Amino acid sequence: MARPLLLVVDRDLDALARTEGELARRFGADFRVRGESDSTVALEQLRLAAERRDPVALVLADPWLPGVGGAELLRSVRTLHPDAARALLVPWGAWADRRTADEILRGMSHGDIDYYVLEPWSSPDELFCRTVSEFVQVWSRTVENRRREVVVVGAARDPRGHAVRSLLTRNGIPHAYLDRGTPEAVAVLRSVEAPEPTSEDGPLVIWLAALGGRVLLDPTDVEICRAWGIGTDLGGDGAHGGEDEVRDVDLLVVGAGPAGLAAAVYGSSEGLSVVCVEEQALGGQAGTSSLIRNYLGFSRGLSGAELAQRGFQQAWVFGARFVLTRRVTAVQPDAPPDGAGVPRFRATVSDVGEVRARAVLLATGVAYRRLGVPALEALSGSGVYYGANVSEAHGLAGAHTVIVGGGNSAGQAALHLQRYAAVVAIVVRTPDL
Ligand SMILES: Cc1cc2nc3c(=O)[nH]c(=O)nc-3n(C[C@H](O)[C@H](O)[C@H](O)COP(=O)(O)OP(=O)(O)OC[C@H]3O[C@@H](n4cnc5c(N)ncnc54)[C@H](O)[C@@H]3O)c2cc1C
């Protein structure tokens, strides 16, 4: 397969040469770097690449290209190469130019561009290279057949396969999912000596390629998290303290959505001993979001899974402990140890026992209301998905899809899925969105 393309389109030939040179110097070993001054020629190249299925990682475009303008060119890239990052390339100081600012704001609000990039001004230009690296890193996570840290092989449209994919995606575990029976899946199963390598219906196999090559057969969620080193017990995750510490803490946080993660960060950063129990996955609802643009400090936006990972890492380095795949089923007052002093709480955590805490913070958020149509419930995980537009998007390439609901999440899912699916229809019971 051809090396992924980094394409820059700029009518200013000096600026074009500078940007192309900077890209080639820093990224030339792994990417094809091309510069074009004519947007029609650039568009033709992008069409050809799409026909040949050559990967495109990033397109940078001058907003004021004659003919097909920068934002228009990048709008076409969105459908030709759904995974490619797209940014307007502007000179330093352009933010003060109202026309350019309007073009950036319009491009972002219409979803034509991901962001804007300042032209390299000196060489090496570390700010420019860092911005491009970040785009390329996000793009690399979307490439299905890239060598992955974790490889899952399961039957196509298998509900358990969907559940595992969702668990891995939402917990920020980089992975590839291969359908059983495909040549790639057979090769992986043979290489790890898994049973029934050529069958389309054998066990679900997880190959932890980056973690010593361990192989799991039909694992439970608990086994998957443990194998990846995520805590699932009150006995601690092996990195912080012993069992007593986790069973007797200052603060118990129930739920690891954005609210629970924030509580874990601020509690532990103030020196409290914190344990955070999460039933499903880090990030809660936000973990299913393809792009969050309104979180303070992330002007370019980031996926919900990425946000959750960052929150988790931040809490972890302050010493907070996490217990995943467990549910807090009861919280009750507990007598203080010496019969006087500050009252405490005792919480029951499913399958692993009790935690005592001076304070309990309930960050349990909300759960999806299900449709309750028996015929659809039966297909849950194999064609009918709840909030899975990120983990399932690639698998829906070329498919006809229907989104049920008319709120923000439905709109976001439609925008994300239209990059892959042949048809996206929204069914909404009210007259408007
Ligand atoms: C697809 C989508 C896109 C979104 N995009 C945006 C956006 O762009 N910008 C924005 O501001 N908001 C967005 N939102 C909304 C945002 O995600 C929510 O407002 C936010 O996640 C609420 O955070 P929370 O921590 O309060 O609750 P939740 O995210 O609901 O998390 C609660 C967590 O608690 C866990 N839990 C519940 N009960 C228990 C229990 N008994 N024991 C253990 N764990 C338990 C759940 O499993 C869950 O993980 C989006 C939501 C969705 C679904």
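Residues numbered from 1 in each chain as written. Predicted model: local features only at pLDDT ≥ 70, side-chain atom pairs only at ≥ 80, totals over all residues. Heavy atoms only, no water.

1. Here's the deal with the site of the ligand
- Around the ligand, the structure places 29 residues, and the nearest of them are Ala-259, Glu-278, Gln-285, Asn-294 and Val-328.
- Within the side chain of Glu-278, a nitrogen or oxygen atom sits 2.6 Å from an oxygen atom of the ligand.
- Within the contact set of the ligand, an oxygen atom lies 3.3 Å away from a backbone nitrogen or oxygen of Ala-286.
- Starting from 1000 Å² of accessible surface for the ligand in isolation, the protein chains cover 77%.
- Residue classes in the shell around the ligand are distributed as twelve nonpolar, 13 polar and four charged. (Near = heavy atom within 4 Å. Polar contact = N/O pair within 3.5 Å; in protein donor to acceptor, adjacent residues only side chain to side chain. Areas by Shrake-Rupley, 256 points an atom, 1.4 Å probe, with all protein chains shown as cover. Nonpolar A, V, L, I, M, F, W, Y, C, P; charged D, E, K, R; others polar.)

2. Re the sheet that holds strand 12 (residues 321-324)
- The six strands are arranged 12-11-10-15-14-13 in an open sheet whose pairing can be described as mixed. Each edge of the open sheet carries a strand with a single partner, namely strand 12 and strand 13 (328-334). Taken pair by pair, the neighbouring strands of this sheet meet at an average axis angle of 40°, ignoring direction.
- Judged from the six bridges that link them, strand 10 (residues 248-254) and strand 15 (residues 353-362) form a sheet pairing that is parallel. From the neighbouring strand, Asp-248 faces strand 15, where its bridge partner is Arg-356.
- In the packing of helix 10 (residues 258-269) onto the sheet, contacts are made with strand 10, strand 11 (274-278), strand 12 and strand 15, and the angle to strand 10 comes to roughly 155°. (Pairing = 2+ DSSP bridges. Helix = DSSP H or I, 4+ residues; strand = E, 2+ residues; numbered from the N terminus. Axes fitted to C-alpha atoms, helices over the stretch in contact; angles between N-to-C directions. Contact = heavy atoms within 4.5 Å.)

3. Comments concerning the pairing of strand 9 (residues 214-217)
- By the bridge criterion, four bridges tie strand 8 (residues 205-208) to strand 9 in an arrangement that is antiparallel. Note on strand 9: the bridge partner recorded for Trp-207 is Val-215.
- The hairpin turn running from strand 8 into strand 9, its antiparallel successor, is five residues long, and Gly-212 in that turn takes a positive phi close to 80°.

4. Examining the domain arrangement of the protein
- On domain assignment, one finds that the protein holds domain 1 (5-140), domain 2 (150-220), domain 3 (243-362) and domain 4 (374-427).
- For domain 3 versus domain 4, the distance between C-alpha centres works out to 30 Å.
- Listed as interface residues are four residues of domain 3 and, on the opposing side, five residues of domain 4.
- Here domain 3 packs against domain 4, burying approximately 370 Å² in sum over the two surfaces, 42% of which is carbon and sulfur.
- Among the residues of domain 3 in contact with domain 4, Thr-288, Ser-289 and Ser-290 are the three that bury the most area, contributing 87% of the side total.
- The interface formed by domain 3 and domain 4 contains zero salt bridges.
- The interface formed by domain 3 and domain 4 contains three residue pairs in polar contact (both at pLDDT 80 or more). (Domains from an automatic or database assignment. Buried area = accessible area lost by both parts, 1.4 Å probe. Salt bridge = Lys/Arg side-chain N within 4 Å of Asp/Glu carboxyl O.)

5. A word on the nonpolar core
- Leu-6, Leu-23, Leu-60, Leu-73 and Phe-128 are the most contacted members of the largest nonpolar core, which totals 45 residues.
- Those residues in contact with Leu-6, other than ones at most four positions away along the chain, are Leu-23, Phe-27, Phe-31, Arg-32, Val-33, Arg-34, Ala-57, Leu-58 and Val-136.
- Of all hydrophobic cores here, the second largest spans 31 residues; its members include Ile-173, Tyr-177, Leu-204 and Leu-261. (Core = buried A, V, L, I, M, F, W, Y, C linked by side-chain atoms within 4.5 Å. Buried < 20%, exposed > 50% of the residue type's maximum accessible area, 1.4 Å probe, protein only.)

6. Some remarks on the side chain of Arg-344
- Tracing the sequence through the fold places Arg-344 in strand 14 (residues 344-349).
- The class for Arg-344 is buried, based on a relative accessible area of 11%.
- Side chain to side chain, Arg-344 and Asp-248 meet in a polar contact 2.8 Å long.

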